[in-house]
Amino acid sequence: MSRSDIDGDESTRFAGEMAGSLPGGPTPDGETPPAPDIDISKPHVARMYDYFLGGKNNYAADREAAEQVIAMFPQTRLGARANRRFLIDAVRWLAGEAGIRQFIDIGSGLPTQQNVHEVAQEIAADARVVYVDNDPLVRVHADALLATDGNTAVIEADLRDPQAILNDATLRGHLDLSRPVGLLMVAVLHFIEDFDTALASVRHLCDGLPSGSYLVISHGLAQEGRDDVEEVRKVYRRSSSSAVVRSRAEIARFFDGLTMVGPGLAHFADWSIGDAAARRRAYPDDRVVSIDDRSFLAGIPMMGGIGRIDR
Ligand SMILES: C[S@@+](CC[C@H](N)C(=O)[O-])C[C@H]1O[C@@H](n2cnc3c(N)ncnc32)[C@H](O)[C@@H]1O
């Protein structure tokens, strides 16, 4: 696959498919919020990410902020798609090889293509998923998407209050927390600026899950010599959430005490799990573009990993 395959035709096709799959469809000019409690006057990180992925659930303020990020980091769109690739491969491995049947997806984002419940339920129809996000628009769209799926629920909650997530009545009614859970925190911890707060949340949530559960994390990686990351952070400071990148050592600390599986914590260019070629054969209709040429991923400052909770 060449770079133009990724950034060109494939990207356009992907964006078109996304637009068709999202509730609400394209936003017209003269945009109005889809619900009274949705603030579209300032950028929201969920909607900026939707824009990076080629979705249509974003507004002028989101697009403007997202374009500022892209201007400084042109690989951002590819990075967002590489992140989805990581998420999908991780969920397939958890539902397949690891036999996980329950997922908590924190910082789930706006519904897109190949959402976690769709990926997991393709492998195990009885897989149950609880989506958690602190952006009210995620709940609005997820409610619409999930209205007919009894195995999936969405709650509006903040990762910085992990006990509220564990205590949530919808979550408790939906999942059996005495059985293993796949805990997904994909591209969300870098929206918690204070490291101790982020670490405490991860620990608290892991402590609330039984042995045999898994933690999945992807996270923005600090790069030596990229001082312009501060400019990107300024854009995010004006949005719904500030953002931060962390060193490999800091990201690794989120997995302290867990048993790493696959390649451990790795740069996206070096991460894969299970038999990737067999998975690709098993999912010929996979609509998220495959990023076969990993050399393209080398320039994307993201790391990911999966750890198992063994007690
Ligand atoms: C970049 S998106 C990631 C979406 C999805 N996990 C993925 O990787 O494709 C980050 C999401 O995290 C959510 N988020 C940010 N801070 C959060 C917090 N403190 N608690 C819960 N969700 C948060 C945002 O609203 C957004 O939907």
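Residues numbered from 1 in each chain as written. Predicted model: local features only at pLDDT ≥ 70, side-chain atom pairs only at ≥ 80, totals over all residues. Heavy atoms only, no water.

**Remarks on the packing of aromatic side chains**
Here is step 1: Scanning all chains against the criterion turns up five aromatic pairs.
Here is step 2: Considering the side-chain rings of Phe-86 and Phe-268, the 5.4 Å spacing of their centres and the 25° angle between planes classify their relative orientation as stacked. With Phe-86 in helix H5 (residues 76–95) and Phe-268 in the loop between strand E6 (259–267) and helix H13 (276–282), the pair connects residues that are 182 residues apart, well separated along the chain. By the burial criterion, Phe-86 is buried, and Phe-268 matches it.
Here is step 3: Between the aromatic rings of Phe-191 and Tyr-236, the centroid separation amounts to 5.9 Å while the plane-to-plane angle is 55°, which identifies the pairing as tilted. Placement of the pair is Phe-191 in the loop between strand E4 (182–186) and helix H10 (195–207) and Tyr-236 in helix H11 (residues 229–237), with a sequence separation of 45 residues. (Phe/Tyr/Trp six-rings, centres within 6.5 Å; stacked < 30°, edge-to-face > 60°. Helix = DSSP H or I, 4+ residues; strand = E, 2+ residues; numbered from the N terminus. Buried < 20%, exposed > 50% of the residue type's maximum accessible area, 1.4 Å probe, protein only.)

**What to know about the sheet that holds strand E7 (residues 302–308)**
Here is step 1: Taking strand neighbours across the sheet as the criterion, the seven strands line up as E3-E2-E1-E4-E5-E7-E6 in an open arrangement whose pairing is mixed. The sheet is open, and its two edges are formed by strand E3 (152–156) and E6, each paired on a single side. Pairs of neighbouring strands in the sheet enclose a mean axial angle of 10°, with direction left out of account.
Here is step 2: Across seven bridges, the pairing between strand E5 (residues 214–220) and E7 is antiparallel. Residue pairing for E7: His-219 is matched across the bridge by Met-303.
Here is step 3: Those strands touched by helix H6 (residues 116–123) are strand E1 (102–106), strand E2 (128–133), E3 and E4, and its axis lies near 165° from that of E2.
Here is step 4: Against the sheet, H10 touches E1, E4 and E5, its axis set at about 165° to E4. (Pairing = 2+ DSSP bridges. Axes fitted to C-alpha atoms, helices over the stretch in contact; angles between N-to-C directions. Contact = heavy atoms within 4.5 Å.)

**Quick notes on the site of the ligand**
Here is step 1: Near the ligand, the surroundings consist of 19 residues, among which Tyr-49, Asn-83, Arg-84, Gly-107 and Asp-133 are the closest.
Here is step 2: For the ligand, an oxygen atom lies 2.8 Å from a polar atom in the side chain of Arg-84.
Here is step 3: Bound to the protein, the ligand loses 98% of the 600 Å² it would expose on its own.
Here is step 4: Secondary-structure elements contributing two or more residues to the shell around the ligand are helix H3 (45–52) and H5.
Here is step 5: The leading source of residues in the shell around the ligand is H3, at three residues. (Near = heavy atom within 4 Å. Polar contact = N/O pair within 3.5 Å; in protein donor to acceptor, adjacent residues only side chain to side chain. Areas by Shrake-Rupley, 256 points an atom, 1.4 Å probe, with all protein chains shown as cover.)

**Thoughts on the side chain of Asp-62**
Here is step 1: On the secondary structure map, Asp-62 appears in helix H4 (residues 60–72).
Here is step 2: Relative accessible area serves as the criterion here: at 0%, Asp-62 is assigned to the buried category.
Here is step 3: Apart from residues lying up to four places away in sequence, Asp-62 is in contact with Lys-42, Pro-43, His-44, Arg-47 and Met-48.

**Some thoughts on the pattern of salt bridges**
Here is step 1: Under the criterion given, the structure shown has 17 salt bridges.
Here is step 2: Residues Arg-63 and Glu-31 are paired through a salt bridge, measuring 2.5 Å at the closest nitrogen-oxygen approach. With Arg-63 in helix H4 and Glu-31 in the loop between helix H2 (9–21) and H3, the pair connects residues that are 32 residues apart, well separated along the chain.
Here is step 3: By relative accessible area, Arg-63 is classed as partly exposed at 26%.
Here is step 4: Arg-160 serves as the salt-bridge partner of Asp-158, at 2.7 Å between the closest nitrogen and oxygen.
Here is step 5: For Asp-158, a relative accessible area of 24% puts it in the partly exposed group.
Here is step 6: Owing to a relative accessible area of 49%, Arg-160 belongs among the partly exposed residues under this scheme.
Here is step 7: Each of Glu-193, Glu-230, Arg-233 and Arg-237 takes part in one network of salt bridges that share partners. (Salt bridge = Lys/Arg side-chain N within 4 Å of Asp/Glu carboxyl O.)

**Side note on unusual backbone geometry**
Here is step 1: Even without glycine at this site, Gln-114 takes up a positive phi of about 50°.
Here is step 2: Within the fold, Gln-114 resides in the loop between E1 and H6.
Here is step 3: The phi torsion at Ala-187 lies on the positive side, around 55°, for a residue other than glycine.
Here is step 4: Within the secondary structure, Ala-187 sits in the loop between E4 and H10.

**A short note on the environment of Ile-251**
Here is step 1: Here Ile-251 is to be found in helix H12 (residues 248–253).
Here is step 2: Put simply, Ile-251 and Ser-218 are 33 residues apart on the chain and 8.8 Å apart in space, counted from C-alpha to C-alpha.
Here is step 3: Excluding residues that lie within four positions of it along the chain, Ile-251 makes contacts with His-219, Gly-220, Leu-221, Arg-246, Leu-265 and Met-303.

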